[in-house]
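# Observations on the three-dimensional arrangement
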Amino acid sequence: MKFIENIGKFIIKLFSSFGKFILFILFFFKYLFKPKFYLKNNLSFFVNVFISSIPIIALTGIFSGMVLALQSYTGFSRFSAESAIPNIVVLTLTRELGPVLTGLMISARVGSSIAAEIATMRVTEQIDALKTLNTNYYNYLVTPRVISLTLALPIFVTLVDFIGVMGGYIVSVHRLGFNDNLYLLNTIDFLSLGDYLSGIFKAFAFGFIISIVSCYCGLFSDKGAFGVGSATTNAVVISSVLILSSNYFLTELFF
Amino acid sequence: MKIEIKNLKKKFNDNFVLKDISLTIEKNKSTIILGESGCGKSVLIKTIYKLFEFDSGSILYDGKSEVDIDKFSMLFQYGALFDSLKISENIAFTDFINNKTNFERKVLSLMNDVGLNKSIFDRYPSELSGGMKKRAALARALYKNPKVIFLDEPTTGLDPINSDKINDLILEVITKRKITAVSITHDIKSAIKTGDNYYFINDGIIQDKGDCKKILKTKNKIFKSFIIGAKY
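Residues numbered from 1 in each chain as written. Chains lettered and ligands numbered in written order. Predicted model: local features only at pLDDT ≥ 70, side-chain atom pairs only at ≥ 80, totals over all residues. Heavy atoms only, no water.

## Remarks on the overall build of chain A
Within chain A one finds 8 helices and 0 strands. Reading the helices (α) and strands (β) of chain A from amino to carboxyl end gives α-α-α-α-α-α-α-α. Expressed as a percentage of the 255 residues in chain A, the buried residues total 45%. In chain A, which carries 17 positive and 12 negative side-chain charges, the distance between the mean positions of the two groups comes to 14 Å. (Helix = DSSP H or I, 4+ residues; strand = E, 2+ residues; numbered from the N terminus. Buried < 20%, exposed > 50% of the residue type's maximum accessible area, 1.4 Å probe, protein only. Lys, Arg positive; Asp, Glu negative; His and termini not counted. Charge placed at Lys NZ, Arg CZ, Asp CG, Glu CD.)

## A look at the overall build of chain B
Helices and strands together make up the secondary structure of chain B, namely 8 helices and 9 strands. Whereas a compact globule of 232 residues would reach a radius of gyration of roughly 17 Å, chain B reaches 18 Å, a difference of no more than 12%. Here the C-alpha coordinates of chain B stretch approximately 50 × 40 × 35 Å along the principal axes. Across the 232 residues in chain B, those meeting the buried criterion constitute 51%. (Rg over C-alpha atoms; globule rule 2.2 N^0.38 Å.)

## Observations regarding helix 8 (residues 221–229) of chain B
All names here are of chain B. Among all positions of helix 8, only Phe 223, Phe 226 and Ile 227 are buried. The buried side chains of helix 8 occupy one side of the element, clustering within an arc of 100° when seen end-on. For helix 8, exposure combined with an orientation more than 90 degrees from the buried face picks out Lys 221, Ile 228 and Gly 229. Looking at the buried residues of helix 8, the elements they touch are strand 3 (30–34), helix 7 (188–194), strand 8 (197–202) and strand 9 (205–211). Two to three positions downstream of the cap, the backbone nitrogen of Ile 222 sits 3.0 Å from a side-chain oxygen, assigning the N-cap of helix 8 to Asn 220. (Arc of directions from axis to C-beta. Contact = heavy atoms within 4.5 Å. Polar contact = N/O pair within 3.5 Å; in protein donor to acceptor, adjacent residues only side chain to side chain.)

## So, a nonpolar patch on the surface
On the surface, Met1(A), Phe3(A), Ile4(A), Ile7(A), Phe10(A), Ile11(A), Leu14(A) and Phe15(A) cluster together into a nonpolar patch covering about 960 Å² of accessible area. Mapped onto the fold, Phe10(A) is located in helix 1 (residues 2–32). (Patch = residues over 30% accessible without salt bridge, like charges linked within 9 Å, V, L, I, M, F, W, Y side chains within 5 Å. Areas by Shrake-Rupley, 256 points an atom, 1.4 Å probe, with all protein chains shown as cover. Salt bridge = Lys/Arg side-chain N within 4 Å of Asp/Glu carboxyl O.)

## Structural notes on the interface of chain B and chain A
Contacts between the two partners involve 24 residues from chain B, matched on the other side by 16 residues from chain A. Surface buried jointly by chain B and chain A totals about 1,700 Å² across both partners, of which 57% is contributed by carbon and sulfur atoms. Of all residues in chain B, Leu51(B), Phe82(B) and Ile97(B) bury the most surface against chain A, accounting for 27% of the area lost on that side. There are 2 salt bridges connecting chain B and chain A. One salt bridge in this structure joins Glu125(A) and Lys46(B), with 2.8 Å as the shortest N-O distance. Residue assignment for the side of chain B that touches chain A shows that the elements contributing at least two residues are strand 5 (72–75) and helix 3 (93–97) of chain B. With 4 residues, the single largest contributor to the side of chain B that touches chain A is helix 3 of chain B. The class makeup of the residues in the side of chain B that touches chain A is 13 nonpolar, 4 polar and 7 charged. (Buried area = accessible area lost by both parts, 1.4 Å probe. Nonpolar A, V, L, I, M, F, W, Y, C, P; charged D, E, K, R; others polar.)

## Focus on the packing of helix 5 (residues 137–174) of chain A against helix 7 (residues 193–219) of chain A
Residues and elements named next belong to chain A. Between helix 5 and helix 7, the shortest axis-to-axis distance is 8 Å and the interhelical angle comes to 150°. For the pair helix 5 and helix 7, the sense of crossing is right-handed. Per-class residue counts for the contact of helix 5 with helix 7 are 18 nonpolar, 5 polar and 2 charged. (Axes fitted to C-alpha atoms, helices over the stretch in contact; angles between N-to-C directions. Left-handed = near helix turned anticlockwise from the far one by under 90°.)

Honestly, it's all geometry; don't read function into it.
Below is the structure:
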């Protein structure tokens, strides 16, 4: 009997959290179009996210491109289709791996830090302090983070696409013996604007998912050190699952 | 500002934290809310501050149910200073985030009032001791010239010497600026020193009330055992 009761409680909690999350998103949009806008806060968060994420983004891009070139060669060489490698590398990176891997890396790097920072603010009553100072925490904390990350992710994805293609180029030319001009020509000729834009659209969506989920997990965390820990874990896990699942539906959209 | 609370009830999920609270906070007096940890003291002052909504009862501010919370300010238990901002930016928070730049003189004057050296003007909260953080938080609370100040366990986490200093400072500030003060504490010594009236909360209701100078003469058994437990 206790077991069934616990399942019931879990389901109620799940639906109530989902409802709370939807309300949170609606409030975000409500305050997005309402003053005040803390421009300095928005800008400093954007710069901070941008600078701190560049190294990890560069590493993700270059190694993804390099591995992709090697693995594609393993498969395509079996039916003499090595010439398709530049096409596969650029297509996979721009349409799929670029946005998804960047989303997952940023969720781990920035999403976790957003959730931990806001959860700590909640635990140490800084969120209450904001309210006592007549400052809306949506305007001060949520909006800058969501806007910055939603705008930053497409830039990161563009970087990963570019660096990834360069990684594929390095391996293909210096390790697999491709002609360098031909490789670049094949890459540029094959890539269409639609391929690139479909990846960028995904990046906007993933940036929004990571930031809104991380802010929510931080703001509604439990108290104490355990609360901060679970908020951080939840932010990364939920963002990652949502990125991977929404990726399918977004891919269907651009199929 | 006079605040009258009648039959206030507040619950979280199905658990009533405040079961039936009625009390009056007199204008320009220092009211102390006493009680054990978890008895609902913080919930009470946050409800008065309108940070929480209540389930039933009434709160009247100078006879009205609506109030501009800009007339209030709060000193939090552990200061609640914003870690990412400098002390000066913390103190002048509202001006700072609205891009006003002429707050330096006012901040320095407040820092002087609360006994902070101007050398910490550009320091971050993580670089300060507990006592200094409390002083900075008090300066932030005073920055907007409040009519009512809420003090959530102002001496928690401080050694006896620093506790005494903070109590003296609070007393000086609220007397000099003629502010209505509402403090919550479980420190009897602080209550006697800084308060005019006290209310003792236990199990979500007011168990005892009276003059702070007569706390030790209370006849309420539960409050007496609380005082003994508090090792006054």
